[in-house]
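Structural description and commentary
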Amino acid sequence: MPILLEIFLTFAKIGLFTFGGGYAMISIIDNNCVERKKWITHDEMMNITVIAESTPGPIAINCATYVGYKKGGFLGACAATIGVVLPSFVIIYIISIFLDNFLQIAWIAKAFTGIKAAVGILILDAAINMIKKMNKKVLPIGIMIGACLVMLTVNFFSLKFSSIVLMLIAAAVSVAVFLIRKNLAKKGGTV
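Note that the structure is a prediction, hence the values are computed from the model and not measured.

Parameters and conventions
- In every chain, residue numbers begin from 1 and rise along the written sequence.
- Two thresholds apply to this predicted model, a pLDDT of at least 70 for residue-level local features and 80 or more for giving and counting side-chain atom pairs, whereas whole-chain, interface and lining totals are computed over all residues.
- The side-chain quantities take in all heavy atoms of the structure and omit both hydrogens and water.
- Axis definition: a line fitted to C-alpha atoms, over the contacting stretch in the case of helices. Angles run 0 to 180 degrees between N-to-C directions.
- Numbering of helices and strands runs from the N terminus, with a helix taken as a DSSP run of H or I at least four residues long and a strand as a DSSP run of E at least two residues long.
- For this classification, under 35 degrees means roughly parallel, over 145 means roughly antiparallel, 65 to 115 means roughly perpendicular, and everything else is oblique.
- For any pair of crossing helices, the crossing counts as left-handed if the nearer helix is rotated counterclockwise from the farther one by less than a right angle, and right-handed if it is rotated clockwise.
- When checking whether two residues touch, look at their non-hydrogen atoms; a contact exists if any pair is within 4.5 Å.
- The classification used treats Ala, Val, Leu, Ile, Met, Phe, Trp, Tyr, Cys and Pro as nonpolar, Asp, Glu, Lys and Arg as charged, and all other residues, Gly among them, as polar.
- Put simply, a disulfide is two cysteine sulfurs that come within 2.5 Å.
- Detection works on a 1 Å grid of protein atoms alone, calling trapped sets that fit a 1.4 Å probe cavities and calling open sets with protein on both sides within 12 Å along at least five of seven lines pockets, with lining residues defined by an atom within 4 Å of a point.
- Grid points are joined across faces, edges and corners, and a volume is the space filled by probe spheres set on the points.
- Note on scores: pLDDT gives the predictor's confidence for each residue, bounded by 0 and 100.
- Helices are assigned an expected span. That span is 1.5 Å times one less than the residue count.
- Buried, partly exposed and exposed residues are distinguished by accessible area as a fraction of the type maximum, computed with a 1.4 Å probe on protein chains only: under 20%, between the cut-offs, and over 50%, respectively.

Let's talk about the packing of helix 2 (residues 22–36) against helix 3 (residues 42–54)
The N-to-C vectors of helix 2 and helix 3 enclose an angle of 150°; their axes lie 10 Å apart at closest approach. The angle between helix 2 and helix 3 places the two elements in the roughly antiparallel class. For the crossing formed where helix 2 meets helix 3, the hand is right-handed. Contact residues: Tyr 23, Ile 26, Ile 29, Asp 30, Val 34 and Glu 35 in helix 2; His 42, Met 45, Thr 49 and Glu 53 in helix 3. Looking at the contact of helix 2 with helix 3 residue by residue, the class counts come to five nonpolar, two polar and three charged.

The structure is reproduced here in structure tokens:
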């Protein structure tokens, strides 16, 4: 199968069978592109996830675009992006044409209740896999625990705090530690 068609079909399947948005898709993208097809490495998937979260646009589309570009250049990026977006677009378009009160149908509303639980599991699975593959050094673990505690506190007390600010603080801490270590190494101190 030509690589562009394989990229398109892989991401079309991911887009078709994944509910819950980009975070739920991370686990599926990891399974397909890292584990099964070996298009990218675990480290690349971690980096893609961080970059895709930090850049404008949906995380799944950003991840798909990167993987497609890595495997097939510009046309691969287009094939992956169209593949991940097209199924959702077609489904929503068909629903909008035929069903005015789609979610008011009892069995569909119940199905979406079950889907919400499954989406939570997919997101948790992606988080656990990323934690397992994370660099097991004190700084990354400390930043992860600190960020989790801050976000739990913010959510628990319904405070207004942007996750972007939290990412910027984590980046600043990492850069500061890097510069301190680099300065100590220049002076002959312990790193």
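What follows picks up the thread again.
Some remarks on the state of the cysteines
Inspection of the entire model under this criterion finds zero disulfides. Cys 33 provides the cysteine sulfur closest to Cys 78, a residue in no disulfide bond, and the two sulfurs are 16 Å apart.

Re empty space enclosed by the protein
Counted under the stated rule, the structure contains one cavity of 30 Å³ or more. Put simply, the largest cavity is a space of about 60 Å³. Lining the largest cavity, in full, are Ile 26, Ser 27, Asp 30, His 42, Met 45, Met 46, Ala 126, Asn 129, Met 130 and Lys 133. Looking at the lining of the largest cavity, the elements that each hand over two or more residues are helix 2, helix 3 and helix 5 (106–133). At four residues, the largest contribution of residues to the lining of the largest cavity is made by helix 5. Partitioned by chemical class, the residues of the lining of the largest cavity number five nonpolar, three polar and two charged.

Re the confidence of the model for the protein chain
Looking at the protein chain, pLDDT values average 85 and 96% of them are 70 or higher. Element-level pLDDT for the protein chain is lowest in helix 5, with a mean of 79, against a maximum mean of 93 in helix 1 (residues 3–17).

Side note on the layout of surface pockets
Looking at the largest pocket, its volume works out to about 1,600 Å³. What lines the largest pocket is a set of 33 residues, among which Val 50, Met 130, Met 144, Ala 147 and Met 167 lie closest to the centre. Where the lining of the largest pocket is concerned, the elements lending two or more residues are helix 2, helix 3, helix 5, helix 6 (138–156) and helix 7 (163–186). A total of nine residues in the lining of the largest pocket trace back to one element, the largest contributor, which is helix 6. In terms of residue class, the lining of the largest pocket is made up of 23 nonpolar, seven polar and three charged. In this structure, the second largest pocket occupies an estimated 510 Å³ of space. Secondary structure elements with two or more residues in the lining of the second largest pocket: helix 1, helix 2, helix 4 (59–98) and helix 5. Ranked by residues supplied to the lining of the second largest pocket, first place goes to helix 4 with eight residues. Along the lines of polarity and charge, the residues of the lining of the second largest pocket split into 16 nonpolar, six polar and no charged.

Regarding helix 5
The terminal C-alpha atoms of helix 5 lie 41 Å apart, and with 28 residues this matches the ideal 40 Å at 1.5 Å per residue to within 8%. When we look at burial in helix 5, the residues that qualify are Ile 108, Val 119 and Ala 126. Against the buried residues of helix 5 lie helix 2.

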